[in-house]
Amino acid sequence: MVRRRLRRLWATPAARLGLGLLLAYGLVAVAAPVLAPCPADQRRTCADDPYLVPRDGFAADPRPPGPGHPLGTTARQFDLLYGLVWGTRTAFKVSLLITLPALLLGVVVGGVAGYLGGWVDELLMRVVEVFMAFPFFLAAVTLATVLRAETGLAGSPLPAMLALMAFGWMGYARLVRAEVLSVREREFVWASRALGVGPLGSLLRHVLPNTVMPVFVVGMMDIGTTVLSFAALSFFGLGVPDGYADWGQLLSHARSRIPSLSTEWHIVVFPGLAVSL
């Protein structure tokens, strides 16, 4: 079943294109120290945290692409090439650290609800519906703001990550529940129960392995959505700290330059392309 679904996925041109883009971004992330090395005069700063984007002065006006800065600089002189390349690592890190816990939580909740049924199913699905009643991005912005204010983590990406996790698991739970409701009635599950396998063993050994493949496919597609959502939070100042390599924050430097974008196009085009792809 798994091989058949993988072959069908590979037969889709969009899937092959997506895999190619993912591999390209992966190569950029792995080769970040080579593609965007730290300037010689800022080696000490990079040694402490290579994700801090080097600055070439403090002038307000961006510089166009040229020697020393192949993609130019943003307002306040953050190097665009360095920010984009190391921002690829940020995108991979935050998307995986957000998507995987949300996926695991959804699998647990949906698996338990679908297999046990009855009042357990009713209770867990009502919890899912309560979370789904909130508009996703508005809820994430609100929770990230509260966490930054109440936990003292204003300089950390953790509040934004927790906010996206808190409102990103419900779709997985509903999908797993639907799959489990179908699989739990098949003959091999009844055979395992007749042989004395308990509910938990049957769920873990027979039901979930035959239901999680669609969930992982959806999770892989949601990685792109997670990158967009985290970039949006960073754009509004709720994601990474100032000066950190992140595509959303690079775009945020262009907000004060809107009247000059006809000549300072590079501060929008390059990070915008990274986010769009």
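Residues numbered from 1 in each chain as written. Predicted model: local features only at pLDDT ≥ 70, side-chain atom pairs only at ≥ 80, totals over all residues. Heavy atoms only, no water.

## Here we look at helix α6 (residues 118-132)
The end-to-end C-alpha distance of α6 is 21 Å, a good match for the 21 Å that 15 residues give at a rise of 1.5 Å each. For α6, every residue scored as buried is listed here: Val120, Asp121, Met125 and Val128. Summarising the axial view, the buried residues of α6 lie within an arc of 115 degrees, below the 170-degree limit, and thus occupy one face. The secondary structure elements touched by the buried residues of α6 are α5 (80-116) and α9 (170-183). (Helix = DSSP H or I, 4+ residues; strand = E, 2+ residues; numbered from the N terminus. Expected span 1.5 Å × (residues − 1). Buried < 20%, exposed > 50% of the residue type's maximum accessible area, 1.4 Å probe, protein only. Arc of directions from axis to C-beta. Contact = heavy atoms within 4.5 Å.)

## Structural notes on the environment of valine 212
Counting through the fold element by element, valine 212 comes out in helix α12 (residues 212-235). Along the backbone, valine 212 and valine 107 are 105 residues apart, and their C-alpha atoms lie at a distance of 7.6 Å.

## Some details on the pattern of salt bridges
Across all of its chains, the model carries 7 salt bridges by this definition. Here arginine 63 ties to aspartate 56 by a salt bridge, and the two come within 2.8 Å at their closest N and O atoms. Classification of arginine 63 as partly exposed rests on a relative accessible area of 35%. Here arginine 126 ties to glutamate 129 by a salt bridge, and the two come within 2.9 Å at their closest N and O atoms. (Salt bridge = Lys/Arg side-chain N within 4 Å of Asp/Glu carboxyl O.)

## Observations regarding unusual backbone geometry
Within the chain, arginine 76 stands out as a residue other than glycine whose phi angle is a positive 70 degrees. Relative to the elements of secondary structure, arginine 76 occurs in the loop between α4 (43-48) and α5. Relative accessible area serves as the criterion here: at 30%, arginine 76 is assigned to the partly exposed category. You will see that glutamine 77, though not glycine, has its phi angle at about 65 degrees, which is positive.

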